[in-house]
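# Understanding the architecture of this molecule
Take a look at the letters that make up each chain.
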Protein chains: 2
Amino acid sequence: MTSHVFATYIIETSLPLARAAEMLAGEQSTGTFVRVERESDDVRARFAAQVESIHELPLTGSSALPGSVGDPDLRRRARLRLRFPLGNFGPSLPNLMAAVAGNLFEMKELAAIRLIDLELPQEFADRYPGPGFGVAGTRALMNRPSGAMVGTIIKPSIGLSPEELAEVVGDLAAAGIDFIKDDELQANGPSAPLAARVAAVMPVLKRHADRTGKMPMYAFNITDDIGRLEANHDLVVAAGGTCVMACINLIGLAGLEFLRSHAAVPIHGHRAMLGAIARSDQVGIAFGAWQKIARLSGADHLHTNGISNKFYESDAEVLAAIEAVRTPLLGLTPTVPVLSSGQWGGLAHATYSAVGTTDLLVLSGGGIHGHPDGAAAGVASMRDAWASAERGEDASDAFAASEPLRRAAERFGPVRV
Amino acid sequence: MTSHVFATYIIETSLPLARAAEMLAGEQSTGTFVRVERESDDVRARFAAQVESIHELPLTGSSALPGSVGDPDLRRRARLRLRFPLGNFGPSLPNLMAAVAGNLFEMKELAAIRLIDLELPQEFADRYPGPGFGVAGTRALMNRPSGAMVGTIIKPSIGLSPEELAEVVGDLAAAGIDFIKDDELQANGPSAPLAARVAAVMPVLKRHADRTGKMPMYAFNITDDIGRLEANHDLVVAAGGTCVMACINLIGLAGLEFLRSHAAVPIHGHRAMLGAIARSDQVGIAFGAWQKIARLSGADHLHTNGISNKFYESDAEVLAAIEAVRTPLLGLTPTVPVLSSGQWGGLAHATYSAVGTTDLLVLSGGGIHGHPDGAAAGVASMRDAWASAERGEDASDAFAASEPLRRAAERFGPVRV
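Here we summarise the structure given alongside this text. (Residues numbered from 1 in each chain as written. Chains lettered and ligands numbered in written order. Predicted model: local features only at pLDDT ≥ 70, side-chain atom pairs only at ≥ 80, totals over all residues. Heavy atoms only, no water.)

## Things to note about the interface of chain B and chain A
Formally: We call two residues in contact whenever any of their non-hydrogen atoms come within 4.5 Å of each other. Two parts lose some accessible area (1.4 Å probe) when they are put together, and adding that loss for both gives the buried area. Criterion for a salt bridge: a side-chain nitrogen of Lys or Arg within 4 Å of a carboxyl oxygen of Asp or Glu. Think of a polar contact as two N or O atoms within 3.5 Å of one another; within protein, one of them needs to be a possible hydrogen donor and the other a possible acceptor, and neighboring residues in sequence only count if both atoms come from side chains. Helix and strand assignments come from DSSP, with helices taken as H or I runs of at least 4 residues and strands as E runs of at least 2, each series counted from the N terminus. Any residue outside Ala, Val, Leu, Ile, Met, Phe, Trp, Tyr, Cys, Pro, Asp, Glu, Lys and Arg is labelled polar, Gly included; the first ten of those are nonpolar and the last four are charged.
If you look at the interface, chain B gives 98 residues, while chain A gives 99 residues. Surface buried jointly by chain B and chain A totals about 8,100 Å² across both partners, of which 57% is contributed by carbon and sulfur atoms. Taken together, chain B and chain A are joined by 8 salt bridges. The closest approach of N and O atoms between K310 of chain B and E27 of chain A, which form a salt bridge, is 3.3 Å. Across the chain B-chain A interface, the total number found is 35 residue pairs in polar contact (both at pLDDT 80 or more). Element by element, the count of residues in the side of chain B that touches chain A is highest for helix 3 (residues 93-101) of chain B, at 7 residues. Looking at the side of chain B that touches chain A residue by residue, the class counts come to 43 nonpolar, 35 polar and 20 charged.

What follows is the structure, given as structure tokens:
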């Protein structure tokens, strides 16, 4: 097996950069703190990770990681690319992670250590089929062949009885929504068990489909113990559901892959807890690297956040995340980027002009539930805005033409242009 | 269901502390960015997370997290305790995490946000049995009823052929070791597949057991896709193996729990990648909180690092980690703390005087493989040191009495007292 994996890191260190790079490569392949018997030059040659490149970067001013050692005045920052022999771990995602994202985060010689990208050989796609539905499969199931896919989140997040949930879903279906999802806080608790939610929601969606020929996709949050995922999935599918949602970091990337191996409907991949791994600029795994593993593991939809969101990410970071998810990966079926958090129609033109596609699932929670004229006006405001953006109009054209959008702006403005 | 979960965080914010605490509690229970229909006062009362206490702490001087907002001059730090109704998620570990460790890490109002402790009600132990073997079961299987359990890691980490591995294991067994583990980088790659390692190692261990009545415990690293864990485990058990190792963060805590539900031998829980989540003092999940989930998920052994280790953690942090793992949790079988990284006999007295127990698995890699007089002297040096410490002697007594320990000090010194 002569293929390789390339991993790119940002590091800071007070060691000479080349020395730190060699330590990192050694720690993650053949090394220990003393050279031992049977660690021959041949073993080192065949199994050692190699330093491909070191590109020095300016320091950012962020604090060194706790426990890092060395003279602070010597600290330097660099982008580092390492090459790992695939034969060390084989095309196994969990074992890949041991090499490229294992103990290295604990190295005291590193004042910053962040995995920012992975380049994987074809063997991974040979073993992992990736998304089973992706953009095309999702569009087909929700009967939305073109234009932005407009979705929403059940609000309030938790606390609705199954009967109230059915009412909300009925309203949203009547409003013309393409997609509805459970909140990540709503899974299988005793106050609203999954089975009760499925039993309440699916008849409403089916009646709507019988009347209109279109059934909104509902992503039931089936996150739970691994041993319950199949049964949860089967419960949704048996009731005619067309999507399951899983919090990827809570079942684990490996749990997602397990679910994928069983899934008969698209998997809506929520990224709750990602901030614990990805938010620091000094340690962890950046979204760009993480999303590749999530796609190989089978995420049909993947949350990227949206511009002007209520969380910490800048618009530039969000747009880079959407671009990352849309970048082809080893021939896999394309995953749908999911834009959410603070989304409303006034962000459509700015988003579209940056990403140039409507192969997006745009979730508007408060923006639809909280539209001054109700959910139907909320959905209309989103559709009007995205259709206008796709036609190449200015935002002002859309606002001139759309009453629901003007009314949305009264509550959610200002418009982004 | 009237039980509650208490979660403790360290936060920094430029908002008034009470306001930030309320935002965090709201985001993780009933909140969204606009109040919506059906979000009644009753819903808020039953489902909202409550702020239990706010204890201001001095700032540490660490940088604010990227994307945080607010006047830096107003920034304050606090320890915050929140109470979550168990009914929101039920005793499901993945769904617990959505509430206590989900989107909150992405809140831009927080310049630091770290989960440092969890207090869980008995319902979790009713659902999750925790370790199946723990301290007593591990001691019984390795026939080491008292004293520190002395172990080692196969070195070099990767690159040995099955035949070479068998030789190394034979040497270690002859040296009187209690426990041997694969490196976390050695799993099921094409260069040394698990099946080949098991086939090479187990006959050596069995022959040793036939001769001596004692079979060292070998922790085969079975980390892989979730769907392969059962087969990997069964392969080890069918060959007479007495332990499996899993990298908890790579199969996920949920993957560990899945493995536990099937396991017939102790699970050696490796913590590779934990630094990505736990190293920053500004974001993520501290070991103290994480280890509770790992124990509930069934880790019989759990890596805590050791003092004077080669990684970033201070001795105080390591000792706190060992203490955390040894602290009773909901009546679960006690998990074995695993001390590793740079461990040798000269650390025994300092460790024992701090932790006061030998219910520990102490792994010495280079310290045994690299002992100047070979592995048997390496093991003897560890046993001599720990037995002396347990007898209440000074380190100097042990060094006066033990040639293997004196020889170890020549290479691995200085001694910690």
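## Observations regarding the relation of the copies chain B and chain A
Note the following rule: What sets the superposition is a least-squares fit of C-alpha atoms, and only residues with pLDDT of at least 70 in both copies go into it.
For the pair chain B and chain A, the best superposition has an RMSD of 0.0 Å and corresponds to a rotation of 180° with a translation of 0.0 Å parallel to the axis. This pairing of chains is accounted for by a two-fold axis. Relative to the rotation axis, the closest C-alpha in chain B is found at G252 of chain B, a distance of 2.3 Å.

## Some words on the environment of R77 of chain A
Residue and element names in this part refer to chain A. Heads up, the rule is: Accessibility here uses a 1.4 Å probe with only protein chains present; expressed as a share of the type maximum, an area under 20% marks a residue as buried, one over 50% as exposed, and anything in between as partly exposed.
In this fold, R77 is placed in strand 3 (residues 76-85). The exposure class assigned to R77 is buried, which follows from its relative accessible area of 7%. The spatial distance from the C-alpha of R77 to the C-alpha of F124 is 31 Å, given a sequence separation of 47 residues. Non-local contacts of R77, meaning those with residues more than four positions away in its chain, are made with I10, I11, E12, E56, L57, P58, L59, T60, A112, D281 and Q282. Among the polar contacts made by the side chain of R77, one reaches the side chain of Q282 at a distance of 3.4 Å.

## Some thoughts on unusual backbone geometry
All names here are of chain B. That bond from K155 to P156 is cis: its omega, -5°, falls within 30 degrees of zero. Its place among the elements puts P156 in the loop between strand 5 (149-153) and helix 6 (162-174). Residue P414 is reached from G413 by a cis peptide bond, and omega for that bond is 0°. Within the secondary structure, P414 sits in the segment after helix 18 (403-412). Even without a glycine there, the phi angle at S308 is positive, about 55°. Tracing the chain through its elements places S308 in the loop between strand 11 (301-303) and helix 13 (315-326). We classify S308 as partly exposed; its relative accessible area is 30%.

## Overview of empty space enclosed by the protein
The line we're drawing: Using a grid of 1 Å spacing that covers the protein atoms alone, one calls a set of points a cavity when a 1.4 Å probe fits there but cannot get out, and a pocket when the set is open and has protein on both sides within 12 Å along at least five of seven lines; lining residues are those with an atom within 4 Å of a point. Grid points are joined across faces, edges and corners, and a volume is the space filled by probe spheres set on the points.
One pass over the full model with this rule turns up 9 cavities of 30 Å³ or more. Its volume calculated, the largest cavity comes out at about 460 Å³. Residue lining of the largest cavity: 35 residues in total, with N249, G252 and L253 of chain A together with N249 and G252 of chain B positioned closest to the centre. Elements represented by at least two residues in the lining of the largest cavity include exactly helix 3 (93-101), helix 9 (248-251), helix 10 (253-260) and helix 12 (287-296) of chain A together with helix 3, helix 9 (248-251), helix 10 (253-260) and helix 12 (287-296) of chain B. At 4 residues, the largest contribution of residues to the lining of the largest cavity is made by helix 9 of chain B. Along the lines of polarity and charge, the residues of the lining of the largest cavity split into 25 nonpolar, 6 polar and 4 charged.

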